[in-house]
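Chains, contacts and geometry: an overview
These are the residues of each chain, in order.
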Amino acid sequence: MMNTPFFELRNITKYFSKVVANKDVSFSIEKGEVLALLGENGAGKSTTMKILYGLYRADSGEIIMEGVERKINSPKDAMALGISMIQQHFSLVPAHTVTENIILGNVHGRIDRKGCEREIGELARTYGFDIDPKALVKDLSVGVQQKVEILKALYLKARLLIMDEPTAVLTPQESENLMQFVHEFTAHGNSVIIITHKLKEVMAVADRIVVMRNGEVHGDLKCSDTDEKELSRLMIGRDLIPSKRAEDDESADNHEVRLEFDNTSVVERDQVPRLKDISFSIHRGEIFGIAGVSGNGQQELCEVICGALSPSSGRILLDGEDITRLTIRERIDRGIGYVPADRHKDGLVMDMSLAENMMLKASYGKKWMHHGLLDTNALNNYTNTLIKEYEIKAPGPEAIAKGLSGGNQQKVIVAREVDNGSKLIIFDQPTRGLDLGAIDYVHKTIFAERAKGKSILLISTDLSEIFTLSNRIAVLYKGVIQGIFKRSELTTEKIGLLMAGYDVNKGCTDER
Amino acid sequence: MNAKMRDLLVTNFLAIFLGLTASALMILFLGKNPNDAFGILFSSMFRDKYTFAEIFVKATPLIFAALSFAFTFKANLYNIGAQGQFYIGALIATASSLFLQGRMPGPLALVIIFMLTLIGGGIWGSFIGFVKAKYNANEFLVSMMSTYVALAIMNYLLRTVLMETKHEYPQTNALDTQVWLPSFIQGTRLHIGFILAVAVAIGVWILLYKTTLGYRIRVVGYNSDAARMSGIDANRLYVVAFFISGALAAMAGFTEVNGVQHMLLQGFNPDIGAAGLGIAILANANPIGIIFAAILFGALNVGGTIMGQMSGIPSSIIELMQGFVMVFVILSYFVRSELETRRAKRMLAVEND
C-alpha cells in the first residue's frame, strides 16, 4: 500500500495572471490518512486543492490516482473519482431543504423525495449527525450547515474529502466534534485533506503535514516527527517573535470613559432582536474585546457605532456627547475609525487606486484640494509615506487595490482608519485571512494606537487574538452580552461555553 | 511609446479595419463591389470643405449624447433616456429662442438659452435619480420610459403653442439668424457648438477625475457599500449624477436647434440617444475617447449618405458598419487585457529565472 499512494500530485504549476500560485508542487496522500495542508494565506494551498478538485486547471503537472494518471477537468470528473471538496464559503441553497441540497445535481427525472429523505436521514445517523433532512438550510446554524456539506460528500460516496479552513466558523466544541468525525471517516480507509493555517489544529488531527510557502512545498513531515515551532518556521520562513501580551494594567479602568453604550437595542418589528440591551463602556487607552461566533450581532454592533444602523432604543455616547442620531459623516469627523470585517464590500473600492482609497473618508474635507481641484501629487506623496510606514507591498500609490494581496489590502484600510480614528478605532475581524506576518503587524499597530490613548473595540472570532490583545472581554451571543470579564478571569473553556449560549453558572440561557 | 499605448492604438485600428472588412462582405452579398463602395465612402468625405466640415457637425450632438450616457455609467447607473433629454433640451432651446430673439443682443440671448436648456434638461434628468433615491425605482426603466413622455410632450407642443404661424405643419417658426450659433468656417455649417462639445467633454473628464464630486460619484459607482460606510450620501449623488447627465443630453438639443436646424420639427433626429450609447461604449466611457469615437461615427454618417446616393447601396449599410466596428472594438478590450496578462507573465518568468 505504501508504494502506490491513493492520490499523488506531481510537479503541479499554476500561474494566475500576474502571480505564480503553485510552483512544482508534489505530494501524495495515502488511504486512511489525514493530511494537513499548512501555509499562510496566499501560499497556494487552496489553489492546489482547487486543481485537484477540477475547479482550476494546472498549467503543467500531473495528477495520479492509484498509479494511473487522471485528467480532472471539472468537479464532476473529481466527484467521479471520489473526491469531494468543502469550500470555505459553503455552496448551499439557503431556501432549499437539507435533502434538496444534497441531491442537487445528482438526480434525474422524477424525484422520490420520501426515499431520498429516508436515505439521507440514515446516512446522518450512521455518522452521528443530528440533522433533520426536511429542515431548510437557512434555518440551520453554520456548524450544522457544514455538516450538511459533509453529508453531501458522503452521499456522493467520497473517498477523499478536502476541507478548506473547516474550523474558521465553528465554536471550540463544534470543532472538536468535527475532528472526531474526521478520525471516524479515515478509520474506514478514506482520506481527508484539511487546508488550514492553524497550528494547534494541525497537531491535533493530522497524520502528515505538507507545508506550503509562496506556492511551493517547503516541508512534508510526519506529525509525530515535528512540533509547532518547526512548522511555524517552515510556514513563514523565519522565527516569529510574538507580539507582547497586553500588560494587565488595571489602571485603564481609572481613565475617562470614551465610548458608552446605554441600553442599546436593535429590534425590527416582530423580529428577534439583533442587539438587545447592550450596555458597556470603553475607557481611554483600553482594548475592549468582543468574542463570539460570527453572526451573533457583531456586525450590528459596529454599524450602530459608526452610524450605518440606528438603534431602536438606547443611547450611544462618545466622550459624553450623545451621538445616537448623528450621521456616519459626523461620526467620522468626531474621530471614529472603523476597520470592517468585510473589507472588499465595506472597506475598499477595489477598482480604484490606493491613493484614491486613502481619501475615501476625506472626500468632503479640504485636505486634498488645491485651487478647487484634487491635489493628486499631495495625495500620492501621502500614500507613499503610508506605504513605506506600513510596509505595504505595492508598486506605488497608483496601484489598483484589487491587485494587492489580502494582507496588504488590510494594511491599507488599517493605515487609513488609524489616521481617521483619532478617538476610537473599531477593528472587526482585523486579521481574518491574513498571514502571520501581517497579523503580527496589525497587532503591533493596535497596541501602538492604544498606547497613544485611543480606545480600541476589537471584535474577533479568533480567541487567541482576543486573549492576546484585550484588556477586557465581552462575549456576544444572539445579540446579548453574556458577560464582561477581565482577561484574567476567563479560560478558553469558559469562553467557549459562553459563546455557545451557556451561562457558565446557570446552564443554558437560550430560551428562544 | 510604452507597450500599453501601443496595444491601444494597434488593437483599435485593427478593430476598425475588421469592422469594415465584415461590412465589405455584406456589400459583396448585395452584388456590389466593396472596393468601389469604400472608395466612394472615403473619397467623398474629403471631396470638399463643406462635406468635411459636415463630419464635425454630425459629431457634435453625438458627443453630448455619449457623454450623457458615460457620465452616469461611471456611477454604475444606466441613463438610456438621452433621447428624451435631448428632446426636452431642444424644446427649451426653441421656446426660449423664439421668446428671447429680438429682445436682446444675440450673444446674450444665446448665453441665457444655453443656461435655460442646461437647467431644464438637468431637472428633467434628475427626476430619474430622484425616484431611484426615494423609491428605489429602476433607473434603467424610468429613463427609458421618460423618453416616450418627452416625445409626447414635444409632439403636443408642436401642434399647439409652438406650432408655426401658418398652422400647417407640426413644426415651429424658424429662428432669427440672431440666435443661431455662429459658424466658424466660412462656407460650411460647422458652428461653435462643436467647440463647446469638445470643451464640455474635457470638462466632464476634469469633473470625474479631478474634483471631489466626481470622485464621490465614481466611488458610489464602484462600491456603494464602501461609499456609505465612508459617509457618502449615495442617494444625493444619484440625483446629482442624473442632473448632469440630463443636462449633457439637453445640450445636444441646444446645438442641434440653434446650430443646425434653426427650428424644431416633429420626428427630429430620432437616433441621437441610441448612437450616443454606442459611442460611449466604443470609447469605454472615457470622455476624451468619446470625442474621437463621435467623429468616427460622424464620418461614417456623412460618407455613408453620399455612398448611398452614388453607388446605389442602401445607406443603412452604414449602421451595419457602425455595429460591426463596435463589436470589434469591444472584443479588442479582451484582446488587450490578454496581451497585458501575457506581458506580466513573461516579466514574471524573467524574474523567476
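Residues numbered from 1 in each chain as written. Chains lettered and ligands numbered in written order. Predicted model: local features only at pLDDT ≥ 70, side-chain atom pairs only at ≥ 80, totals over all residues.

A look at the overall build of chain B
- Within chain B, the secondary structure is distributed over 13 helices and zero strands.
- Seen in sequence order, chain B has helices and strands lined up from the N terminus as α-α-α-α-α-α-α-α-α-α-α-α-α.
- Here chain B has a C-alpha radius of gyration of 22 Å; the compact-globule value for 353 residues is 20 Å, and the two agree.
- Expressed as lengths along the three principal axes of its C-alpha atoms, the size of chain B is roughly 80 × 60 × 35 Å. (Helix = DSSP H or I, 4+ residues; strand = E, 2+ residues; numbered from the N terminus. Rg over C-alpha atoms; globule rule 2.2 N^0.38 Å.)

Section: the overall build of chain A
- Looking only at helices and strands, chain A features 17 helices and 24 strands.
- Against the globule reference of 24 Å for 512 residues, chain A gives a C-alpha radius of gyration of 24 Å, in line with a compact fold.
- Here the C-alpha coordinates of chain A stretch approximately 70 × 55 × 50 Å along the principal axes.
- Across the 512 residues of chain A, 45% fall into the buried class.
- In chain A, 69% of the contacts between residues at least 6 apart in sequence involve partners at least 24 apart. (Buried ≥ 20, exposed ≤ 12 C-beta atoms within 10 Å, placed from the backbone. Contact = placed C-beta atoms within 7 Å.)

Details of the sheet that holds strand β19 (residues 424–428) of chain A
Residue and element names in this part refer to chain A.
- Strand order in this open sheet of six strands is β16-β19-β20-β13-β21-β22, and the pairing throughout is mixed. Sheet topology places β16 (336–339) and β22 (480–486) at the edges, where each strand pairs with a single neighbour. For this sheet the average axis-to-axis angle between neighbouring strands, irrespective of direction, equals 15 degrees.
- Both strand β13 (residues 287–291) and strand β21 (residues 472–477) contribute to a ladder of four bridges, which runs parallel. Looking across to β21, one finds that Ala291 is bridged to Val475. (Pairing = 2+ DSSP bridges. Axes fitted to C-alpha atoms, helices over the stretch in contact; angles between N-to-C directions.)

Focus on the confidence of the model for chain B
- Of the residues in chain B, 97% have a pLDDT of 70 or more, and the chain-wide mean is 89.
- Reported confidence for the predicted complex is 0.80 by ipTM and 0.75 by pTM. (pLDDT = per-residue confidence, 0-100.)

Section: the domain arrangement of chain A
All names here are of chain A.
- We note that the domain assignment places domain 1 (7–236) and domain 2 (256–349 + 420–508) within chain A.
- Between the C-alpha centres of domain 1 and domain 2 the distance comes to 33 Å.
- On the domain 2 side, the residues contacting the ten residues of domain 1 number twelve residues.
- Elements represented by at least two residues in the side of domain 1 that touches domain 2 include exactly α6 (172–187) and α8 (228–236). (Domains from an automatic or database assignment.)

Here's the deal with the nonpolar core
- Ala66(B) and Ile290(B) are the most contacted members of the largest nonpolar core, which totals 175 residues.
- If near-sequence neighbours (up to four positions away) are discounted, Ala66(B) is found in contact with Gly276(B), Ile279(B), Ala280(B), Ala283(B), Ile290(B), Ala293(B) and Ala294(B).
- Of all hydrophobic cores here, the second largest spans 59 residues; its members include Val25(A), Ile72(A), Leu151(A) and Ala153(A). (Core = buried A, V, L, I, M, F, W, Y, C linked by C-beta atoms within 7 Å.)

Some points on the interface of chain B and chain A
- If you look at the interface, chain B gives 20 residues, while chain A gives 27 residues.
- Where the side of chain B that touches chain A is concerned, the elements lending two or more residues are α8 (212–222), α9 (224–229) and α13 (317–352) of chain B.
- Across the side of chain B that touches chain A, the residue classes break down as eight nonpolar, seven polar and five charged. (Nonpolar A, V, L, I, M, F, W, Y, C, P; charged D, E, K, R; others polar.)

Re the packing of helix α3 (residues 49–74) of chain B against helix α12 (residues 287–311) of chain B
Residue and element names in this part refer to chain B.
- Where α3 contacts α12, the axes come no closer than 7 Å and their chain directions differ by 135 degrees. Classified by the interaxial angle, the pair formed by α3 and α12 is oblique. Like other packed secondary-structure pairs, α3 and α12 cross with a definite hand, here right-handed. Here α3 contributes Thr51, Glu54, Ile55, Phe56, Lys58, Ala59, Leu62, Ile63, Ala66, Leu67 and Ala70 to the contact with α12, which in turn contributes Pro287, Ile290, Ile291, Ala293, Ala294, Ile295, Phe297, Gly298, Ala299, Asn301 and Val302. (Parallel < 35°, antiparallel > 145°, perpendicular 65-115°, else oblique. Left-handed = near helix turned anticlockwise from the far one by under 90°.)

As for unusual backbone geometry
Residue and element names in this part refer to chain A.
- Residue Asn263 is not a glycine yet carries a positive backbone phi of 50 degrees.
- By the element assignment, Asn263 lies in strand β11 (residues 257–266).
- You will see that Glu391, though not glycine, has its phi angle at about 50 degrees, which is positive.
- On the secondary structure map, Glu391 appears in the loop between α13 (376–389) and α14 (406–420).

Structural notes on the packing of α8(B) against helix α10 (residues 234–261) of chain B
Residue and element names in this part refer to chain B.
- At their nearest, the axes of α8 and α10 sit 10 Å apart, and the two run at 115 degrees to each other. When the axes of α8 and α10 are compared, the pair comes out roughly perpendicular. Crossing handedness for the pair α8 and α10: left-handed. Within the contact between the two elements, α8 uses Arg216, Ile217 and Val220 and α10 uses Ala234, Leu237 and Ala241.
- Of the residues belonging to the contact of α8 with α10, the class tally is five nonpolar, no polar and one charged.

Brief notes about the sheet that holds β11(A)
Residue and element names in this part refer to chain A.
- With antiparallel pairing, four strands are arranged side by side in an open sheet as β12-β11-β14-β15. Looking at the sheet topology across the chains shown, the edges are occupied by β12 (275–283) and β15 (321–322).
- Bridge count between β11 and β12: six bridges; the pairing is antiparallel. Bridge pairing links Val266 to Leu275 in β12.

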